[in-house]
Amino acid sequence: MSALAPAGALRGAAPVLRVLRQYGVYAALAVLFLAAVVLDAGFLSAGNVRIQLFQVAPTLLVALGMALVIGTEGIDLSVGAVIALAAAVIPLYIGWGLPVALLVAAGLGALSGLAGGAMVAFARVQPIVATLALMIGLRGVASLLNGASAKPVTDGTLLALGADAFAGVPLTAWLAAACVALTAVLVHRTTFGRQLVAVGDNRRAARLAGLPVRRVLLTVYLLSGVLAALAGALIVGHGAEADPANQGRNIELDAITAVVVGGTPLAGGSVRVLGTVAGALFMQLTTAVLTQHDVPGSLTKIVEAAVICVAVYASQERGTR
Amino acid sequence: MAQAERPGGPAGRPAPVLVATGIDKGFAGVHALRGVGLTLRPGRVHALVGENGAGKSTLIKVLTGVHRPDAGKLELGGSEREFRTPLEAQRAGIASIHQEVNLVPMMSVARNLHLGREPRRRGLLDLRRMNREAAEVLRRYGVDADVTRPLRELGLGAQQMVALARAAGVDAEVVVMDEPTSSLEPHEVDTLFAVVRDLTARGTAVVYVSHRMDELYALCQDVTVLRDGRGVHTGPLADLPRRELVGLMLGRTLVAARERPARHTPDADAPPALRARGLTVRHRVHGVGFDVHRGEVLGLGGLLGSGRSETAKAVVGALGADAGRVEVDGRELTRRSPAAAIRAGVVLLPEDRKAEGLLPGRSVRENIVLAALPRLSRAGIVSRARQDEVVERFVARLRIKAASPEQKVADLSGGNQQKVLLARWLCLAPKVLLLDEPTRGIDVGARAEVQALIDELAADGLGVLLVSSDAEELIAGSDRVLVLKDGTPVDELTGERVHADALLAALAHETRPPAGDGTNGAQR
């Protein structure tokens, strides 16, 4: 009988958790933003805001794809390696013009996504294993294509895409915003988006309801790959160099963090696009504020870890039922 | 065997080795067991029978230390015992083997056999002795395999034997077998029986859970019947005719015959809405065939494990069929997948609402429109207005009680959840509806509503296949009833024979199977 007591207590706490999961990330973002401004009015300067946006845009692009994959109860660890691959091929094809280079990079991202998606959908390999294999393999391919050293990139359009601004806001941020809007429409308004969350919520039920489960899985990994390749192009343009050995390293973890902090459950069945944006911004601001106030990097990491733990705990609704 | 203390009883009826009395066990307020007793005697096989949810598994788990009872006591060899863990029960001499083999598939056969009590030499595992002993032991169980290979390379039957050898090897006084033959080939079943008889000859008491009547009567001396968490009968099995046993398991005061007037006889010339021939799923279904006409409810009955659900699943391609053909309106379904079946107009309401039907995290609206999404979309964009229209229509028609269409489906009662799933299928305007246990786990009111709805749908011209473990529901709701046993049709009740007595007799398999004409006599 005593075993029932904690269960009852948990049930009592559930509404609080539900609200926390629903709106917690926005509240936390607002609080953090206010704190940053109060601590240092310079935080609001145009220069600083632009730096933050430059830094967050690629992570956000990757996180959008990651949110779709996680919505199907999957995960995509290969995104960092896809960025490296994009960075490796862009210098090779930029001579043909930027569109060709971008198409090649995006095509490779799509191919990688198809490979991961096929492993998950047809061979029923666990997503974490399938994409881990890709993560390792694609980094190898990237260094084969590029060699060990970084290469400078001088294409004017690509540099402009990575560094210029329109109406005071970086082009990369505009691009990210457009992708956010498209993803939101995709998730909430299209057949595909609704089928995606159904597959993540209950795959057996989705199959019995005649949903194209495999096609949905293939597509989410494909989208994730393309978005990662696009993020790779932005990173190359912003840095004016292609450095496959370092670019995109650990970005898969940043993206997963953004998605989870944004309230998308790792168990699938739900995709929170705006939450993901807020999650990415929150992690970016946390790091920025701590760094700007000379908190040592090691401590910053520990704070980030604590944020992730809180977010995962709050998103754990199914586990506690 | 540790049987030194077994006290001899009077005249061939030895004192019980294990006595359970007044066992109560509840989960989250639901009583799984209420005052159940069980007495096991050495050297005898005790059958434990009951339908789904009767409490068999819970009782076994109490005996084997997995669950602790809320009330009641266990006496082993005359002294009261309390098991806190399965290990304690094992040490006390209660071994168990389950439907699914609880061993380590990646470890070698020999290691599995000795798991937790490996022979050692100077502190290290004595591998040579382990392998030699394992091979010797397993040969006695009819398993002739390389014991150094991983367990998973063995067939399921052989794995089951390893589990049994392991269980019986722990000087067990009681061996609990939970549906041990469900995945065995016939010759493996023979070996298992031989092993069970060997065990009882050595004085072990065996608890045998199975839904296969033939096995029970071939192997068991005693029987305890559970129903809805209570023990309803216990005694020698030989004194209990099959039909009475089935009656005890199902237990309802049966409606003698259907009360509904006969429906119009379907057009004999028109092809049936659904025709299945020779459906075969390995181990589960063996050549089942039937016709369902428009406006007709075909009942599909059978005891637990008879292959009734598997048949329905094989029809829509949710379960890979090894053979057989399915025709809808005279046209063969060549691609076999749920999606293809739905396109052809055949839908299945699955038995396990939670695992196979609901999207627990989504709303009532999203659960209803799930399968209809492509039809409610233009160029991939779902129309919210058309969704709302469909949802509104079916919420009203099926009287689904929800605070709003946006309420999470997980928060609804079981009956309303079932109606949501029915709405998911009905909004596709199907030709054939396969209903697997449509009223399981829902309250009496919702049950009556669902049953009335089935009648109404058939009257509207749908072909309905009604799969049910509830004899009353089958009799009252079906025009004909096809009865399965061990995956094979054994009888078809038509006309006057759609009657409780005939159904019970068929379930107990007292009638001879109809002459095999390739359709298993399931045609009109």
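Residues numbered from 1 in each chain as written. Chains lettered and ligands numbered in written order. Predicted model: local features only at pLDDT ≥ 70, side-chain atom pairs only at ≥ 80, totals over all residues. Heavy atoms only, no water.

Our focus in this paragraph is the overall build of chain A. Scanning chain A from N- to C-terminus turns up 14 helices and four strands. Relative to a compact globule of 321 residues, whose C-alpha radius of gyration would be 20 Å, chain A shows 20 Å and is just as compact. Taking the principal axes of the C-alpha coordinates as reference, chain A spans close to 70 × 55 × 35 Å. Considering chain A as a whole, with its 321 residues, one finds that 49% of them fall into the buried category. Taking all contacts inside chain A whose residues are at least 6 apart in sequence as the whole, residues at least 24 apart take part in 77%. Accessible surface computed for chain A: about 14,200 Å², of which carbon and sulfur atoms make up 71%. (Helix = DSSP H or I, 4+ residues; strand = E, 2+ residues; numbered from the N terminus. Rg over C-alpha atoms; globule rule 2.2 N^0.38 Å. Buried < 20%, exposed > 50% of the residue type's maximum accessible area, 1.4 Å probe, protein only. Contact = heavy atoms within 4.5 Å. Areas by Shrake-Rupley, 256 points an atom, 1.4 Å probe, with all protein chains shown as cover.)

Residues and elements named next belong to chain B. One open sheet accounts for six strands, arranged 6-9-10-3-11-12; its pairing is mixed. Every interior strand has two partners, whereas the edge strands, strand 6 (94–97) and strand 12 (230–236), have only one. Taken pair by pair, the neighbouring strands of this sheet meet at an average axis angle of 15°, ignoring direction. Where strand 9 (residues 174–178) lies against strand 10 (residues 205–209), five bridges are found, and the strand directions are parallel. Looking at strand 10, one finds that Val-175 is bridged to Val-206. (Pairing = 2+ DSSP bridges. Axes fitted to C-alpha atoms, helices over the stretch in contact; angles between N-to-C directions.)

All names here are of chain B. Two elements, strand 13 (residues 274–281) and strand 16 (residues 323–328), share five bridges in a ladder whose sense is antiparallel. Counterpart to Arg-275 in the pairing with strand 16 is Glu-327. Of the strand pairs in this sheet, strand 16 and strand 17 (residues 331–332) are connected by two bridges, and their pairing is antiparallel. Bridge assignment links Val-328 to a residue of strand 17, and that residue is Arg-331. Between the antiparallel neighbours strand 16 and strand 17 lie two residues, among them Asp-329 with a positive phi of about 50°.

If you look at the interface, chain A gives 19 residues, while chain B gives 29 residues. For the pair chain A and chain B, the summed buried surface comes to about 2,100 Å²; carbon and sulfur atoms form 55% of the total. Three residues stand out in chain A for area buried against chain B, namely A:Thr191, A:Arg194 and A:Leu208, and they jointly supply 27% of the buried area on that side. At the surface where chain A touches chain B, the tally comes to two salt bridges. Close ionic contact of B:Glu356 with A:Arg204 constitutes a salt bridge, the shortest N to O distance being 2.5 Å. (Buried area = accessible area lost by both parts, 1.4 Å probe. Salt bridge = Lys/Arg side-chain N within 4 Å of Asp/Glu carboxyl O.)

All names here are of chain A. Counted according to the given criterion, the structure contains two aromatic pairs over all chains. For the pair Phe-33 and Phe-43, a centre-to-centre distance of 6.4 Å together with 75° between the ring planes defines the contact as edge-to-face. Remark: Phe-43 occurs in the loop between helix 1 (4–39) and helix 2 (46–71) and Phe-33 occurs in helix 1; sequence separation between them is ten residues. (Phe/Tyr/Trp six-rings, centres within 6.5 Å; stacked < 30°, edge-to-face > 60°.)

Now for the environment of B:Lys61. Residues and elements named next belong to chain B. Following the sequence through the fold, Lys-61 ends up in helix 1 (residues 56–63). Judged by its relative accessible area of 33%, Lys-61 falls in the partly exposed class. The sequence separation of Lys-61 and Ser-96 amounts to 35 residues, and the corresponding C-alpha distance is 9.5 Å. Those residues in contact with Lys-61 that lie beyond four places of it in its chain are Val-66 and His-67.

Residues and elements named next belong to chain B. Structurally, chain B comprises domain 1 (18–101 + 156–207), domain 2 (273–345 + 431–439 + 460–524) and domain 3 (356–429). Averaged C-alpha coordinates put domain 2 and domain 3 at centres separated by 28 Å. Opposite the nine residues of domain 2 that make contact, domain 3 presents nine residues. Carbon and sulfur atoms make up 58% of the area that domain 2 and domain 3 hide from each other, which totals about 560 Å². Ranking the residues of domain 2 by area buried against domain 3 places Lys-313, Ile-342 and Leu-433 at the top, with a combined share of 57%. Across the domain 2-domain 3 interface, the total number found is two salt bridges. We note a salt bridge from Lys-313 to Glu-356, for which the minimum N-O separation is 2.8 Å. Where domain 2 meets domain 3, there are two residue pairs in polar contact (both at pLDDT 80 or more). For the side of domain 2 that touches domain 3, a count of residues per class yields four nonpolar, one polar and four charged. (Domains from an automatic or database assignment. Polar contact = N/O pair within 3.5 Å; in protein donor to acceptor, adjacent residues only side chain to side chain. Nonpolar A, V, L, I, M, F, W, Y, C, P; charged D, E, K, R; others polar.)

There is a patch of like positive charges on the surface, built from A:Arg124, A:Arg203, A:Arg207 and A:Arg214. Relative to the elements of secondary structure, A:Arg207 occurs in helix 9 (residues 203–208). (Patch = residues over 30% accessible without salt bridge, like charges linked within 9 Å, V, L, I, M, F, W, Y side chains within 5 Å. Lys, Arg positive; Asp, Glu negative; His and termini not counted. Charge placed at Lys NZ, Arg CZ, Asp CG, Glu CD.)

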